[in-house]
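Close look at the chain arrangement
Residue strings, one per chain:
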Amino acid sequence: MTGQMALWDQVPVINETTNFRSIDGGTGELRLAERKWDVWPVPDVHGLYTHLGWESPDSIWGRAKVRFRLVNYIDVKTDNVHAAPVAGDGTDDRRLRENNDALSAHPQHISDKRVVKVIFMHRIAPPEAEQVGQALIGNGCVGIAAGASNGADIAHEIGHLITGSQTHTDPQKQPDNVMNHPGPGTTITDEQVGQAREWAKNFAEFWAH
(Lines give C-alpha, C1' and ligand atoms only; values in the text may rest on other atoms or scores of the structure.)
Protein backbone atom coordinates (compact mmCIF):
# COMPACT_ATOMS: atom_id res chain seq x y z
CA MET A 1 0.00 0.00 0.00
CA THR A 2 2.71 2.49 0.90
CA GLY A 3 4.55 1.69 -2.32
CA GLN A 4 1.42 2.41 -4.34
CA MET A 5 0.64 5.64 -2.53
CA ALA A 6 4.17 6.95 -2.78
CA LEU A 7 3.88 7.04 -6.56
CA TRP A 8 0.99 9.50 -6.22
CA ASP A 9 2.59 11.88 -3.79
CA GLN A 10 4.70 14.91 -4.66
CA VAL A 11 5.31 16.15 -1.10
CA PRO A 12 9.12 16.11 -0.66
CA VAL A 13 9.36 14.81 2.91
CA ILE A 14 10.69 11.28 3.30
CA ASN A 15 11.27 9.10 6.33
CA GLU A 16 12.18 5.45 5.94
CA THR A 17 10.57 4.17 9.15
CA THR A 18 7.01 5.50 9.23
CA ASN A 19 3.86 5.47 7.14
CA PHE A 20 1.89 8.35 5.68
CA ARG A 21 0.25 10.72 8.10
CA SER A 22 -1.49 14.08 8.04
CA ILE A 23 0.09 16.71 10.25
CA ASP A 24 -3.15 18.42 11.29
CA GLY A 25 -5.42 15.39 11.61
CA GLY A 26 -8.16 17.22 9.75
CA THR A 27 -9.44 17.42 6.23
CA GLY A 28 -7.80 19.34 3.45
CA GLU A 29 -4.57 19.13 1.57
CA LEU A 30 -1.89 16.82 2.90
CA ARG A 31 1.14 18.97 3.63
CA LEU A 32 3.53 16.38 5.01
CA ALA A 33 3.91 12.72 4.18
CA GLU A 34 6.45 10.22 5.42
CA ARG A 35 7.36 7.10 3.47
CA LYS A 36 8.86 3.73 4.23
CA TRP A 37 11.22 4.02 1.28
CA ASP A 38 13.63 6.78 0.38
CA VAL A 39 13.98 6.68 -3.40
CA TRP A 40 12.37 9.14 -5.82
CA PRO A 41 10.86 7.41 -8.88
CA VAL A 42 12.63 8.38 -12.08
CA PRO A 43 11.25 8.01 -15.61
CA ASP A 44 12.41 4.96 -17.55
CA VAL A 45 13.10 4.85 -21.29
CA HIS A 46 9.35 4.80 -21.95
CA GLY A 47 8.70 7.87 -19.81
CA LEU A 48 7.08 5.85 -17.00
CA TYR A 49 7.79 6.55 -13.35
CA THR A 50 8.36 3.23 -11.62
CA HIS A 51 9.55 1.88 -8.30
CA LEU A 52 9.77 -1.77 -7.26
CA GLY A 53 7.63 -2.74 -10.24
CA TRP A 54 4.95 -0.11 -9.62
CA GLU A 55 4.05 2.34 -12.35
CA SER A 56 2.71 5.75 -11.42
CA PRO A 57 -0.78 6.63 -12.71
CA ASP A 58 0.76 10.03 -13.45
CA SER A 59 3.01 8.36 -16.00
CA ILE A 60 0.02 7.02 -17.91
CA TRP A 61 -2.66 9.71 -17.67
CA GLY A 62 0.00 12.40 -17.51
CA ARG A 63 0.19 12.09 -21.28
CA ALA A 64 -3.24 13.75 -21.25
CA LYS A 65 -1.79 16.40 -18.92
CA VAL A 66 -3.83 14.93 -16.07
CA ARG A 67 -1.85 14.49 -12.87
CA PHE A 68 -2.86 12.91 -9.58
CA ARG A 69 -1.74 13.88 -6.12
CA LEU A 70 -2.35 12.39 -2.69
CA VAL A 71 -4.16 15.09 -0.71
CA ASN A 72 -5.43 13.12 2.26
CA TYR A 73 -4.89 9.68 3.75
CA ILE A 74 -7.33 8.08 6.19
CA ASP A 75 -6.79 4.79 8.00
CA VAL A 76 -10.32 3.40 8.50
CA LYS A 77 -10.70 0.55 10.99
CA THR A 78 -12.99 -2.21 9.77
CA ASP A 79 -13.67 -5.93 10.17
CA ASN A 80 -12.05 -8.80 8.31
CA VAL A 81 -14.97 -9.27 5.92
CA HIS A 82 -14.63 -5.70 4.66
CA ALA A 83 -10.86 -6.01 4.32
CA ALA A 84 -11.02 -9.39 2.58
CA PRO A 85 -14.47 -10.49 1.35
CA VAL A 86 -15.08 -14.17 2.09
CA ALA A 87 -16.10 -17.01 -0.20
CA GLY A 88 -19.77 -16.94 -1.06
CA ASP A 89 -20.01 -13.16 -0.94
CA GLY A 90 -20.40 -13.16 -4.70
CA THR A 91 -18.26 -11.36 -7.25
CA ASP A 92 -20.11 -8.06 -6.95
CA ASP A 93 -18.73 -4.87 -5.43
CA ARG A 94 -20.86 -4.93 -2.29
CA ARG A 95 -18.02 -4.77 0.25
CA LEU A 96 -16.21 -2.06 -1.68
CA ARG A 97 -19.41 -0.01 -1.79
CA GLU A 98 -19.87 -0.42 1.95
CA ASN A 99 -16.26 0.67 2.48
CA ASN A 100 -16.86 3.68 0.25
CA ASP A 101 -19.91 4.60 2.36
CA ALA A 102 -17.80 4.32 5.53
CA LEU A 103 -15.05 6.46 4.03
CA SER A 104 -17.49 9.09 2.77
CA ALA A 105 -19.01 9.36 6.26
CA HIS A 106 -15.61 9.69 7.95
CA PRO A 107 -15.09 13.14 9.53
CA GLN A 108 -11.70 13.52 7.82
CA HIS A 109 -13.05 12.81 4.36
CA ILE A 110 -12.92 15.81 2.01
CA SER A 111 -16.63 16.17 1.30
CA ASP A 112 -16.91 19.80 0.25
CA LYS A 113 -14.75 19.32 -2.86
CA ARG A 114 -14.75 16.65 -5.52
CA VAL A 115 -11.87 14.20 -5.12
CA VAL A 116 -10.98 10.72 -6.36
CA LYS A 117 -11.15 8.13 -3.58
CA VAL A 118 -8.81 5.14 -3.68
CA ILE A 119 -9.61 2.37 -1.20
CA PHE A 120 -6.95 -0.23 -0.43
CA MET A 121 -8.20 -3.67 0.64
CA HIS A 122 -6.53 -7.03 1.09
CA ARG A 123 -9.02 -8.36 -1.48
CA ILE A 124 -11.60 -6.46 -3.51
CA ALA A 125 -13.84 -9.50 -3.98
CA PRO A 126 -14.09 -13.06 -2.60
CA PRO A 127 -11.23 -15.52 -3.28
CA GLU A 128 -13.04 -17.06 -6.26
CA ALA A 129 -13.17 -13.71 -8.05
CA GLU A 130 -10.28 -12.71 -10.27
CA GLN A 131 -10.37 -8.93 -10.08
CA VAL A 132 -7.72 -6.96 -8.20
CA GLY A 133 -9.44 -3.64 -8.80
CA GLN A 134 -12.91 -2.20 -9.13
CA ALA A 135 -14.29 1.20 -10.10
CA LEU A 136 -17.46 2.62 -8.58
CA ILE A 137 -18.64 4.80 -11.44
CA GLY A 138 -20.70 7.71 -10.20
CA ASN A 139 -19.02 7.62 -6.80
CA GLY A 140 -15.56 8.80 -7.85
CA CYS A 141 -14.07 5.77 -6.13
CA VAL A 142 -11.80 2.88 -7.05
CA GLY A 143 -10.76 -0.10 -4.97
CA ILE A 144 -7.34 -1.74 -5.24
CA ALA A 145 -6.32 -5.10 -3.76
CA ALA A 146 -3.00 -6.10 -2.28
CA GLY A 147 -2.68 -8.55 -5.17
CA ALA A 148 -2.54 -5.78 -7.77
CA SER A 149 0.61 -6.29 -9.79
CA ASN A 150 1.57 -2.72 -10.66
CA GLY A 151 0.40 0.87 -10.83
CA ALA A 152 -1.26 0.29 -14.18
CA ASP A 153 -4.06 -1.44 -12.26
CA ILE A 154 -4.84 1.82 -10.46
CA ALA A 155 -4.66 3.78 -13.71
CA HIS A 156 -6.95 1.20 -15.33
CA GLU A 157 -9.64 1.57 -12.67
CA ILE A 158 -9.40 5.35 -12.83
CA GLY A 159 -9.86 4.93 -16.57
CA HIS A 160 -13.31 3.50 -15.88
CA LEU A 161 -14.13 6.68 -13.95
CA ILE A 162 -12.78 8.76 -16.84
CA THR A 163 -14.78 6.92 -19.50
CA GLY A 164 -17.84 6.44 -17.30
CA SER A 165 -18.02 2.84 -18.47
CA GLN A 166 -17.00 -0.64 -17.32
CA THR A 167 -16.10 -1.63 -20.90
CA HIS A 168 -12.57 -2.50 -21.99
CA THR A 169 -10.49 -1.97 -25.10
CA ASP A 170 -9.61 -4.79 -27.48
CA PRO A 171 -6.09 -6.15 -26.74
CA GLN A 172 -5.87 -7.39 -30.32
CA LYS A 173 -6.29 -3.86 -31.68
CA GLN A 174 -4.47 -1.97 -28.92
CA PRO A 175 -2.08 -4.44 -27.28
CA ASP A 176 -0.67 -2.03 -24.67
CA ASN A 177 -3.70 0.13 -23.84
CA VAL A 178 -4.34 0.90 -20.17
CA MET A 179 -7.97 -0.14 -20.54
CA ASN A 180 -7.20 -3.68 -21.72
CA HIS A 181 -8.43 -6.66 -19.72
CA PRO A 182 -6.79 -8.76 -18.53
CA GLY A 183 -3.39 -7.17 -18.15
CA PRO A 184 -3.70 -3.39 -18.51
CA GLY A 185 -0.98 -1.72 -20.50
CA THR A 186 0.48 1.76 -20.17
CA THR A 187 -0.62 3.64 -23.31
CA ILE A 188 -3.68 5.77 -24.03
CA THR A 189 -5.30 6.82 -27.30
CA ASP A 190 -6.08 10.32 -28.54
CA GLU A 191 -9.74 9.66 -27.75
CA GLN A 192 -8.85 8.70 -24.18
CA VAL A 193 -6.73 11.85 -23.88
CA GLY A 194 -9.80 13.92 -24.77
CA GLN A 195 -11.97 12.01 -22.30
CA ALA A 196 -9.41 12.48 -19.53
CA ARG A 197 -9.09 16.20 -20.19
CA GLU A 198 -12.86 16.65 -20.07
CA TRP A 199 -13.18 14.52 -16.91
CA ALA A 200 -10.45 16.52 -15.16
CA LYS A 201 -12.58 19.67 -15.38
CA ASN A 202 -14.75 18.16 -12.64
CA PHE A 203 -11.93 18.79 -10.17
CA ALA A 204 -10.99 22.34 -11.15
CA GLU A 205 -12.75 23.87 -8.13
CA PHE A 206 -10.61 21.89 -5.70
CA TRP A 207 -7.35 23.21 -7.13
CA ALA A 208 -8.64 26.78 -7.22
CA HIS A 209 -8.24 26.94 -3.44
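Located above this text is the structure these notes cover.
Calculation rules
- Residues numbered from 1 in each chain as written.
- Predicted model: local features only at pLDDT ≥ 70, side-chain atom pairs only at ≥ 80, totals over all residues.
- Heavy atoms only, no water.
- Helix = DSSP H or I, 4+ residues; strand = E, 2+ residues; numbered from the N terminus.
- Buried < 20%, exposed > 50% of the residue type's maximum accessible area, 1.4 Å probe, protein only.
- Contact = heavy atoms within 4.5 Å.
- Areas by Shrake-Rupley, 256 points an atom, 1.4 Å probe, with all protein chains shown as cover.
- Pairing = 2+ DSSP bridges.
- Axes fitted to C-alpha atoms, helices over the stretch in contact; angles between N-to-C directions.
- Phe/Tyr/Trp six-rings, centres within 6.5 Å; stacked < 30°, edge-to-face > 60°.
- Lys NZ or Arg CZ within 6 Å of the ring centre and 35° of its normal.
- Core = buried A, V, L, I, M, F, W, Y, C linked by side-chain atoms within 4.5 Å.
- Parallel < 35°, antiparallel > 145°, perpendicular 65-115°, else oblique.
- Nonpolar A, V, L, I, M, F, W, Y, C, P; charged D, E, K, R; others polar.

Thoughts on the overall build of the chain
On a plain count of helices and strands, the chain comes out with seven helices and six strands. The order of α-helices and β-strands along the chain, N terminus first, is α-β-β-β-α-α-α-β-β-β-α-α-α. Out of the 209 residues belonging to the chain, those deemed buried represent 44%. Of the contacts formed within the chain by residues at least 6 apart in sequence, a portion of 56% connects residues at least 24 apart. Counting every atom, the chain has about 10,900 Å² of accessible surface; 49% of that belongs to carbon and sulfur.

Considerations on the sheet that holds strand 6 (residues 141–145)
Spatial ordering of the open sheet is given by 4-6-5, a layout of three strands whose pairing is mixed. Strand pairing shows two members of the sheet lacking a second neighbour, strand 4 (117–121) and strand 5 (133–136), which therefore form its edges. The mean inter-strand angle of the sheet, taken between neighbouring strand axes irrespective of direction, is 15°. Pairing analysis gives four bridges linking strand 5 to strand 6, with the strands arranged antiparallel. Each residue of the ladder has a partner; that of Gly-133, found in strand 6, is Ile-144. Packed onto the sheet, helix 4 (residues 94–105) meets strand 4, strand 5 and strand 6 and runs at close to 125° relative to strand 4. This element, helix 5 (residues 152–163), spans strand 5 and strand 6 of the sheet and lies at about 155° to strand 6.

Comments concerning the packing of aromatic side chains
One pass over the structure, following the stated rule, counts one aromatic pair. Here the aromatic rings of Trp-199 and Phe-203 are separated by 4.9 Å at their centres, their planes lie at 65°, and the arrangement is edge-to-face. No difference in accessibility class separates Trp-199 from Phe-203, as the two residues are buried. A cation over a ring is seen here: Arg-114 above Phe-203, with NZ or CZ 5.7 Å from the ring centre.

Quick look at the nonpolar core
In a soluble, globular protein the nonpolar side chains are often hidden away together inside. Membership of the largest hydrophobic core comes to 22 residues, with the highest contact counts inside it found for Ile-60, Trp-61, Val-66, Ile-158, Val-178 and Trp-199. When contributions to this core are tallied by element, the ones reaching two or more residues are helix 2 (57–61), strand 6, helix 5 and helix 6 (190–200). It is helix 5 that provides the largest number of residues to this core, a total of six residues. In terms of nonpolar packing, the next biggest core, distinct from the first, is built from nine residues, Ile-74, Met-121, Leu-136 and Cys-141 among them.

What about the pairing of strand 6?
Across the five residues that make up strand 6, a large majority, five, are buried. Burial along strand 6 is two-sided: the face carrying Cys-141, Gly-143 and Ala-145 and the face carrying Val-142 and Ile-144 are both buried. Two successive antiparallel strands, strand 5 and strand 6, enclose a turn made up of four residues, where Gly-138 displays a positive phi of approximately 95°.

As for the packing of helix 5 against helix 6
Where helix 5 meets helix 6, the axes come as close as 9 Å, and the angle between the chain directions of the two elements is 75°. If you check the angle between helix 5 and helix 6, you find them roughly perpendicular. Along its contact with helix 5, which presents Ile-158, Leu-161, Ile-162 and Thr-163, the element helix 6 presents Gln-195, Ala-196 and Trp-199. For the contact of helix 5 with helix 6, the residue count by class is five nonpolar, two polar and no charged.

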